[in-house]
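# Chain and residue survey
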Amino acid sequence: MSKPVNVDSNAFEAEVLSAPLPVVVDFWAVWCGPCRMMAPVLDQLAEDYAGNVKFAKVNVDENQELAARYGIMSIPTLVIFKDGREVGRVIGYMPKEKLKEQLEAAIH
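Structure report, in brief.

Cut-off values and rules
Residues numbered from 1 in each chain as written. Predicted model: local features only at pLDDT ≥ 70, side-chain atom pairs only at ≥ 80, totals over all residues. Heavy atoms only, no water. Helix = DSSP H or I, 4+ residues; strand = E, 2+ residues; numbered from the N terminus. Rg over C-alpha atoms; globule rule 2.2 N^0.38 Å. Buried < 20%, exposed > 50% of the residue type's maximum accessible area, 1.4 Å probe, protein only. Contact = heavy atoms within 4.5 Å. Areas by Shrake-Rupley, 256 points an atom, 1.4 Å probe, with all protein chains shown as cover. Pairing = 2+ DSSP bridges. Axes fitted to C-alpha atoms, helices over the stretch in contact; angles between N-to-C directions. Core = buried A, V, L, I, M, F, W, Y, C linked by side-chain atoms within 4.5 Å. Disulfide = S-S within 2.5 Å. Parallel < 35°, antiparallel > 145°, perpendicular 65-115°, else oblique. Left-handed = near helix turned anticlockwise from the far one by under 90°. Nonpolar A, V, L, I, M, F, W, Y, C, P; charged D, E, K, R; others polar.

### Considerations on the overall build of the chain
The helix and strand tally for the chain stands at four helices and five strands. Along the chain, helices and strands appear, N-terminal first, in the series β-α-β-α-β-α-β-β-α. In terms of C-alpha radius of gyration, the chain reaches 12 Å, essentially the compact-globule figure of 13 Å for 108 residues. Summarising its shape, the C-alpha atoms of the chain cover approximately 30 × 30 × 25 Å along the three principal directions. When each of the 108 residues of the chain is scored for burial, the buried share is 45%. Within the chain, contacts between residues separated by at least 24 positions form 73% of all contacts whose residues are at least 6 apart in sequence. Of the accessible surface of the chain, which amounts to about 5,700 Å², a share of 53% is contributed by carbon and sulfur atoms.

Shown next, in the form of structure tokens:
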């Protein structure tokens, strides 16, 4: 069973930038309603893409420097990394099928 992993600034390099797979990073916060709506969608996508795409979560309240480094102005923001660089970005809640389209376009 594949689930998004929680990542902080200490683990970001190893878990995201050096990952052999494309990585979708969910910048979120506990108090954010749309972030909570997005969580089950990301859990489903993590299952669907197990072994092909990695999913990570960054709590912006606990990792403000990471949020600032990647210019996160509103949450949820999903940043898609491939080979250590940003290849896509989705801001706000998005239904699973729309998100899947964005993900496919970014990783292929």
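Let us keep going from here.
### Section: the sheet that holds strand β3 (residues 54-59)
The mixed open sheet is built from five strands, whose spatial order is β1-β3-β2-β4-β5. Edge positions in the sheet fall to β1 (5-6) and β5 (85-91), since each has one partner strand and no second. The pairing of strand β4 (residues 77-82) with β5 spans six bridges and is classified as antiparallel. What sits directly across from Lys82, in β5, is Arg85. Each of β2 (23-28), β3 and β4 is contacted by helix α2 (residues 33-48), which is oriented at about 155° to β3, the strand it contacts most. On top of the sheet, helix α4 (residues 96-107) reaches β2, β3, β4 and β5; it is set at about 25° to β4, its chief contact.

### Here's the deal with the environment of Leu78
Of note, Leu78 is situated in strand β4. For Leu78, a relative accessible area of 1% translates into the label buried. C-alpha of Leu78 to C-alpha of Val60: the two residues are 18 residues apart in sequence and 12 Å apart in space. Sequence-distant contacts of Leu78, that is, excluding residues within four places in its chain, are made with Val24, Val25, Asp26, Met38, Leu42, Gly88, Arg89, Val90 and Leu99.

### Overview of the nonpolar core
A general trend in soluble globular proteins is that nonpolar side chains are found buried together. In this structure, Phe12, Val16, Val25, Phe27, Tyr70 and Phe81 are the most contacted members of the largest nonpolar core, which totals 22 residues. Those elements that place two or more of their residues in this core are α1 (12-17), β2, β3, α3 (64-69) and β4. With four residues, β2 is the single largest residue contributor to this core. Filtering out sequence-adjacent residues up to four positions away, Val25 remains in contact with Phe12, Val16, Ala56, Val58, Thr77, Leu78, Val79 and Phe81. Formed by 17 residues, the second largest nonpolar core is a distinct cluster that contains Met38, Val41, Val53 and Leu99.

### Examining the state of the cysteines
For the coordinates displayed, the defined rule picks out one disulfide. Residue pairing for Cys32: its cysteine sulfur links by disulfide to Cys35, the two sulfurs lying 2.4 Å apart. Judged by the sign of its S-S torsion, about 80°, the bond between Cys32 and Cys35 is right-handed. We note that Cys32, like Cys35, is buried.

### Quick notes on the packing of α2 against α4
When two helices pack together, their arrangement is given by the angle between the helix axes and the distance between those axes. Where α2 meets α4, the axes come as close as 10 Å, and the angle between the chain directions of the two elements is 55°. Looking at the two axes, α2 sits oblique to α4. The crossing of α2 and α4 is right-handed. When α2 is examined against α4, the residues Met38, Val41, Leu42, Gln44, Leu45 and Asp48 are found in contact with a partner set consisting of Lys96, Leu99 and Lys100. A breakdown of the residues in the contact of α2 with α4 according to their chemical character gives five nonpolar, one polar and three charged.

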